[in-house]
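Structure assessment
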Amino acid sequence: MAHFVIVGGGVAAGKSAETLRKEGYDGDVTIVAAEPHPPYQRPPLSKGYLAGKEGLDAAVLHPASWYAERDIELRTSTTATRLDPAAHRLGTDGGDLAYDAVLLAMGASPRSLPLVGHDLDGVHTLRRLEDSDALARELHEGGRRLVLIGSGWIGMEVAATARTLGNTVTILERDPTPLALAVGPVMGEVFRRLHTENGVDLRTGVQVERIVGRERAEGVVVDGETVPADLVLIGVGAVPNTALAGDAGIALGNGILTDASLRTDAPDVYAAGDVANAYHPLIQRHLRSEHWDNARKAGPVAARVMMGDSARHDGIPYFYTDQFDLGMELSGFPPLMIGADLLIRGDLDAREFIAFWVDHGRVVGGMNVNVWDVQRQIKALIRSGDRVNPDRLVDTDAPLDSILV
Ligand SMILES: Cc1cc2nc3c(=O)[nH]c(=O)nc-3n(C[C@H](O)[C@H](O)[C@H](O)COP(=O)(O)OP(=O)(O)OC[C@H]3O[C@@H](n4cnc5c(N)ncnc54)[C@H](O)[C@@H]3O)c2cc1C
């Protein structure tokens, strides 16, 4: 009987195991997950779970019993330490496993920032449930001074949650605009206004020098001024956990390189989720996406391919966020969105609009802000690759289904 091993404890790992059983694979399945929990999803950790509005069940995909009932061996608190693709063996800190196919879904880790003071008490990063718990313990009472270094999605979401819980929040960002790398300067300004209107002190174009304090963080020095802090969150991006694959000689390049079916260059070794830099057939280049939806869809594709199917991971990258009273969904291909024209359909000031990124007359990205049930049409426009009529695109009376040239 075949033995499939899944390394990881996030949504890619959980969804791939789920798919194996759903699709009728009746061989052995083992999940090797470093964290002490069954596979879980992280978006609630900066939103509802951090705010105390949602419990563990909002994050965990299935309880441990679900895996046992489906004869899936779940080895939590177990780290894969060595991969030998030629011998088809995986070493872990709980013993070796022989496999027929292995899926690497090790995700990513917070990028470290080698600032003086980064190791003081009260300096946080956010990736795991325990990180969110630690932040929640500090923020739930309210009245604390949180300083965020970095204005990426996680930082902005935590800022919104912390403010809503009654804390003072300062964001320190090196770039001139928040979220500039993710959505560009114009959309970044939408988020700046949202945050400043809600009382966040958002400072851009600044240089963080160090974190100061005796044992605990007491402040962050920025451009010579000390911003007082009770706690600090460093949110400057994530790096894919590629060491296991790299040590095994598997080809890397901004993650583990795979083809469109999530095969690595080693036999019977697959990769999915944040860790994978997969070839995207629609844009004919590799794309590493650090989004929940990508991992949620890639896990099942990898599972089907492990079972002998010819599935391909060719969805349009999708992301969502909730901050204060702003809900947003974004679909598109970031490499094509850079430098594309930005067209707005709706009311930017009222924060009720769709932003389209249009490159050579074709939609390559679309972001709906406080406008709902339009993602199907946005994705269809992107996928079609056809030219659009820009006047109709921004005309809120023109149905989105009718704007191809
Ligand atoms: C706080 C937060 C909020 C987010 N919010 C959003 C959001 O609103 N929208 C969105 O689209 N995306 C969001 N994301 C991103 C999203 O959570 C990730 O894209 C997703 O978690 C990727 O899933 P994954 O399964 O690839 O990896 P991960 O979720 O990172 O899981 C990988 C797992 O593998 C384990 N592991 C690593 N190495 C080993 C090893 N050697 N042996 C065994 N196990 C190992 C890790 O411990 C981890 O549990 C958020 C992320 C964070 C941290």
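Details of the structure are given in the entry above.
Residues numbered from 1 in each chain as written. Predicted model: local features only at pLDDT ≥ 70, side-chain atom pairs only at ≥ 80, totals over all residues. Heavy atoms only, no water.

**Considering the overall build of the chain**
Within the chain one finds eleven helices and 26 strands. Expected size for 405 residues packed as a compact globule is a radius of gyration near 22 Å; at 22 Å, the chain falls within 12% of this value. The principal-axis extents of the C-alpha atoms in the chain amount to approximately 65 × 60 × 35 Å. Residue pairs at least 24 apart in sequence account for 61% of intrachain contacts in the chain once pairs closer than 6 positions are excluded. With the model as given, the accessible surface of the chain reaches about 17200 Å², and the carbon-plus-sulfur share is 48%. (Helix = DSSP H or I, 4+ residues; strand = E, 2+ residues; numbered from the N terminus. Rg over C-alpha atoms; globule rule 2.2 N^0.38 Å. Contact = heavy atoms within 4.5 Å. Areas by Shrake-Rupley, 256 points an atom, 1.4 Å probe, with all protein chains shown as cover.)

**What about a negative patch on the surface?**
Taken together, the side chains of Asp28, Asp71, Asp100 and Asp268 make up a negatively charged region of the molecular surface. Within the secondary structure layout, aspartate 100 lies in the loop between strand E6 (95-98) and strand E7 (101-104). (Patch = residues over 30% accessible without salt bridge, like charges linked within 9 Å, V, L, I, M, F, W, Y side chains within 5 Å. Salt bridge = Lys/Arg side-chain N within 4 Å of Asp/Glu carboxyl O. Lys, Arg positive; Asp, Glu negative; His and termini not counted. Charge placed at Lys NZ, Arg CZ, Asp CG, Glu CD.)

**Some remarks on helix H8 (residues 292-306)**
A rise of 1.5 Å per residue sets the reference length of H8, with its 15 residues, at 21 Å; its end C-alpha atoms lie 21 Å apart and thus fit the reference within 8%. For H8, a buried count of eleven out of 15 residues is recorded, marking the element as mostly surrounded by other parts of the structure. Of the residues making up H8, those classed as buried are Asp293, Asn294, Ala295, Ala298, Gly299, Pro300, Val301, Ala302, Ala303, Val305 and Met306. For H8, the elements touching its buried residues are strand E1 (3-7), helix H1 (11-22), E7, strand E19 (269-271) and strand E22 (318-323). One or two positions beyond H8, positive phi appears at glycine 308, with a value near 105°. (Expected span 1.5 Å × (residues − 1). Buried < 20%, exposed > 50% of the residue type's maximum accessible area, 1.4 Å probe, protein only.)

**Concerning the site of the ligand**
In the vicinity of the ligand lie 35 residues, with Glu35, Arg42, Lys47, Arg127 and Asp274 positioned nearest. A distance of 3.0 Å separates a nitrogen atom of the ligand from a polar atom in the backbone of alanine 34. Between tryptophan 292 and the ligand, the recorded distance is 3.0 Å, taken from a backbone N or O atom to an oxygen atom. Out of a free accessible area of 990 Å², the ligand has 93% covered by protein chains. For the shell around the ligand, the secondary structure elements donating two or more residues are H1, helix H5 (153-164), H8 and E22. (Near = heavy atom within 4 Å. Polar contact = N/O pair within 3.5 Å; in protein donor to acceptor, adjacent residues only side chain to side chain.)

**Thoughts on the nonpolar core**
Membership of the largest hydrophobic core comes to 42 residues, with the highest contact counts inside it found for Leu146, Phe191, Met328, Trp357 and Met367. Setting aside chain neighbours within four positions, we find methionine 328 in contact with Trp153, Phe191, Phe319, Tyr320, Thr321, Met367, Asn368, Val369 and Trp372. Counting residues in each nonpolar core, the second largest holds 30 residues, with Ala13, Ile72, Leu262 and Ala298 among its members. (Core = buried A, V, L, I, M, F, W, Y, C linked by side-chain atoms within 4.5 Å.)

**Let's talk about H1**
The end-to-end C-alpha separation of H1 is 16 Å, in line with the 16 Å expected for twelve residues at 1.5 Å each. Here H1 lies mainly inside the structure; eleven of its twelve residues are buried. Turning to H1, its buried residues are Val11, Ala12, Ala13, Gly14, Lys15, Ser16, Ala17, Glu18, Thr19, Leu20 and Arg21. Lining the buried residues of H1 we find E1, strand E2 (28-32), helix H3 (64-69), strand E3 (72-75), E7 and H8.

**Digging into the sheet that holds E19**
Adjacent strands of a sheet pair through backbone hydrogen bonds, lying either parallel or antiparallel. Strand order in the open sheet formed by five strands is E3-E2-E1-E7-E19, with parallel pairing between adjacent strands. Here the strands that pair on one side only, and so sit at the sheet edges, are E3 and E19. With strand direction ignored, the average angle separating the axes of adjacent strands in the sheet is 20°. Alignment of E1 against E7, held across four bridges, turns out to be parallel. Within the sheet, the bridge partner assigned to isoleucine 6 lies in E7 and is leucine 103. Helix-sheet contacts for H1 involve E1, E2, E3 and E7, and the interaxial angle to E1 is about 160°. The strands that H8 touches are E1, E7 and E19; relative to E7, the one it contacts most, it runs at about 165°. (Pairing = 2+ DSSP bridges. Axes fitted to C-alpha atoms, helices over the stretch in contact; angles between N-to-C directions.)

**What about the pattern of salt bridges?**
If the charged atoms of two oppositely charged side chains come close together, the side chains can form a pair. On inspection of all chains with the given rule, the structure shows 25 salt bridges. Between arginine 75 and glutamate 73 there is a salt bridge, and its shortest N-O distance comes to 2.9 Å. Among the residues examined, arginine 75 registers a relative accessible area of 22% and is labelled partly exposed. Given a relative accessible area of 38%, glutamate 73 falls into the partly exposed group. With a shortest N-O distance of 3.0 Å, aspartate 230 and arginine 145 are connected by a salt bridge. Of the two residues, aspartate 230 is situated in the loop between strand E15 (225-228) and strand E16 (231-234) and arginine 145 in strand E10 (residues 145-149); the sequence distance between them amounts to 85 residues. A relative accessible area of 16% places aspartate 230 in the buried class.

**Concerning the layout of surface pockets**
Estimated volume of the second largest pocket: approximately 340 Å³. If you tally residues by element for the lining of the second largest pocket, the top one is H5, at four residues. Residues that form the lining of the second largest pocket fall into these classes: eight nonpolar, five polar and five charged. (1 Å grid on protein atoms, 1.4 Å probe; cavity = no way out; pocket = protein on both sides within 12 Å on 5 of 7 lines; lining within 4 Å. Points joined across faces, edges and corners; volume = space filled by probe spheres on them. Nonpolar A, V, L, I, M, F, W, Y, C, P; charged D, E, K, R; others polar.)

**Structural notes on the environment of glycine 107**
Along the polypeptide, glycine 107 turns up in the loop between E7 and strand E8 (108-110). When the C-alpha atoms of glycine 107 and threonine 170 are compared, they prove to be 29 Å apart, with 63 residues separating the residues in sequence. In contact with glycine 107, other than residues within four places in its own chain, are Pro240, Asn241, Asp274 and Val275.

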